[in-house]
Amino acid sequence: MTKHHIYWWNLENLFDVENSPRRSEFLNNHLGKELDGWSAAILDQKIANLTAVISKFNNGEGPDILGVCEVENEYVIELLIDAMSAALNKNYGFVISEGDDKRGIDTALIYDKTKYGPEQQTFSLRIIKKNTTRDLFQVHINTANGNKLVCVLNHWPSRSGGELESEPFRIMVAENLSYWIERIYEEQGDDANIILMGDFNDNPYNKSITAYLKAINNKALVKSNRVRLKYFYNVMHRFLDAQIGTFVFGNEYNMLDQFMISKSILSEKSELPFKLSTAEIIAYPELTSGSYQKPVKFGRPNSSTFNEKGFSDHLPIKMVLNEKDTAV
């Protein structure tokens, strides 16, 4: 049996350096003073801090697959995977969706090139509202056993301006993703192995997730579902009463970062290749502080919350899938 150790982490504004030649003039102007003091030394420190944590994943073996968001471009991802590869003595590759987000932040998938096929099929869906949203990013991962995982990376519209005021934007993305999933099933068949991962900026109980995306906590309904809009099982729902969240606002825990899986991964049918094993929130002591286990953020040099010893304002999450060692 092969185990796949899959992680997701919002890296909190992993930007290229101030006045980078790799950044468009529009973004340089739009970001304004946000990147004041964001030097190569500060970027290197941020990369080092993230790598120190990532190197502890999977009992020091590192992630097999790592989905990330809030990364600006290929350059910063290359810095990160170079540091990861050196620290873990592995060969990591990546794919990135460079969209039209107004702050220039994107999603990317990092993977162990020795365990997964080098040809990754990718698709992006850009959703237009008053301002363009971040892309939904679909990546096909081929395992050594000849099976396929369809990973869809998400970073939904934020709650800035108020949770209820911004909720329609997340509902719009959820509806688009739900119909997009229909297309995946049409192409891959009803037993498609689909993983939704990301920072959804809503909790597992919010209606964008439950009513529009159809990601729920009822395993029996997910397994038996035959309707056109397929249900997903929300792996993170179990942590809602655990007195910890992936993001803490004030004194309120939020489970904004989530994994959701298709019924084929939840199914007990022996002929299907993947089975859900475990899931957890990664809360190493250095990653949190205070009685609410608030993530220790890195921040920005021009901010009062800047902390060179910090990491991110979100905690990472992990899911392990078991795979049969023969292809179906």
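Residues numbered from 1 in each chain as written. Predicted model: local features only at pLDDT ≥ 70, side-chain atom pairs only at ≥ 80, totals over all residues. Heavy atoms only, no water.

- Looking up the chain in an unreviewed UniProt entry gives the name Endonuclease/Exonuclease/phosphatase family protein, with the organism given as Maribacter aquivivus.

**Quick word on the overall build of the chain**
Here comes step 1: Of the regular secondary structure elements, the chain holds eight helices and 17 strands.
Here comes step 2: Relative to a compact globule of 328 residues, whose C-alpha radius of gyration would be 20 Å, the chain shows 19 Å and is just as compact.
Here comes step 3: If one aligns the C-alpha atoms of the chain with their principal axes, the spans along those axes are about 55 × 45 × 40 Å.
Here comes step 4: Of the contacts made within the chain by residues no fewer than 6 positions apart, 70% connect residues no fewer than 24 positions apart.
Here comes step 5: Taking the 36 positively charged and 43 negatively charged side chains of the chain as two groups, their mean positions are separated by 5 Å. (Helix = DSSP H or I, 4+ residues; strand = E, 2+ residues; numbered from the N terminus. Rg over C-alpha atoms; globule rule 2.2 N^0.38 Å. Contact = heavy atoms within 4.5 Å. Lys, Arg positive; Asp, Glu negative; His and termini not counted. Charge placed at Lys NZ, Arg CZ, Asp CG, Glu CD.)

**A look at the pairing of strand 4 (residues 106-112)**
Here comes step 1: Counting buried positions along strand 4 yields seven of seven residues, so the element is predominantly enclosed.
Here comes step 2: Judged by which residues are buried, strand 4 turns out to be covered on both faces: D106, A108, I110 and D112 on one side and T107, L109 and Y111 on the other are all buried.
Here comes step 3: Pairing between strand 2 (residues 65-71) and strand 4: six bridges, direction antiparallel. Each residue of the ladder has a partner; that of L66, found in strand 4, is I110. (Buried < 20%, exposed > 50% of the residue type's maximum accessible area, 1.4 Å probe, protein only. Pairing = 2+ DSSP bridges.)

**A look at a negative patch on the surface**
Here comes step 1: Taken together, E74, E78, D82 and E98 make up a surface patch of like negative charges.
Here comes step 2: Structurally, E74 is set in helix 4 (residues 74-88).
Here comes step 3: A relative accessible area of 40% places E74 in the partly exposed class. (Patch = residues over 30% accessible without salt bridge, like charges linked within 9 Å, V, L, I, M, F, W, Y side chains within 5 Å. Areas by Shrake-Rupley, 256 points an atom, 1.4 Å probe, with all protein chains shown as cover. Salt bridge = Lys/Arg side-chain N within 4 Å of Asp/Glu carboxyl O.)

**Side note on helix 5 (residues 163-188)**
Here comes step 1: Taking 1.5 Å per residue, 26 residues should reach 38 Å; helix 5 reaches 35 Å between its end C-alpha atoms and fits that length.
Here comes step 2: Of the residues flanking the end of helix 5, it is G189, one or two places downstream, whose phi is positive at about 95°. (Expected span 1.5 Å × (residues − 1).)

**Things to note about the packing of helix 2 (residues 40-54) against helix 4**
Here comes step 1: Running from N to C, helix 2 and helix 4 cross one another at 45°; their axes reach a closest spacing of 9 Å. One finds that helix 2 runs oblique with respect to helix 4. Crossing geometry of helix 2 relative to helix 4 is assigned as right-handed. Along its contact with helix 2, which presents L43, I47, L50, T51 and I54, the element helix 4 presents Y75, V76, L79, L80, A83, M84 and A87.
Here comes step 2: Class assignment for the residues of the contact of helix 2 with helix 4 results in 11 nonpolar, one polar and no charged. (Axes fitted to C-alpha atoms, helices over the stretch in contact; angles between N-to-C directions. Parallel < 35°, antiparallel > 145°, perpendicular 65-115°, else oblique. Left-handed = near helix turned anticlockwise from the far one by under 90°. Nonpolar A, V, L, I, M, F, W, Y, C, P; charged D, E, K, R; others polar.)

**Quick look at the side chain of N193**
Here comes step 1: With respect to the element layout, N193 can be found in the loop between helix 5 and strand 8 (194-199).
Here comes step 2: Within the structure, the side chain of N193 is placed 3.0 Å from the side chain of S264, a separation counted as a polar contact.
Here comes step 3: Sequence-distant contacts of N193, defined by excluding residues within four places in its chain, comprise K148, L149, V150, S262, S264, I265, P273 and F274. (Polar contact = N/O pair within 3.5 Å; in protein donor to acceptor, adjacent residues only side chain to side chain.)

**Some thoughts on the sheet that holds strand 14 (residues 274-281)**
Here comes step 1: Strand order across the open sheet formed by six strands is 3-4-2-1-17-14, with mixed pairing between neighbours. Two strands in the sheet have a free side with no partner beyond their single neighbour: strand 3 (92-97) and strand 14. Neighbour to neighbour, the strand axes of the sheet diverge by 20° on average, direction disregarded.
Here comes step 2: Against the sheet, helix 2 contacts strand 1 (2-14) and strand 2, and its axis sits at roughly 155° relative to strand 1.
Here comes step 3: Relative to the sheet, helix 4 contacts strand 1, strand 2, strand 3 and strand 4, its axis offset from that of strand 3 by approximately 160°.

**Observations regarding the state of the cysteines**
Here comes step 1: One pass over the structure, following the stated rule, counts zero disulfides.
Here comes step 2: Not part of a disulfide, C69 finds its nearest cysteine sulfur in C151, a span of 15 Å.
Here comes step 3: Look at C69 and you get buried, because its relative accessible area is 0%. (Disulfide = S-S within 2.5 Å.)

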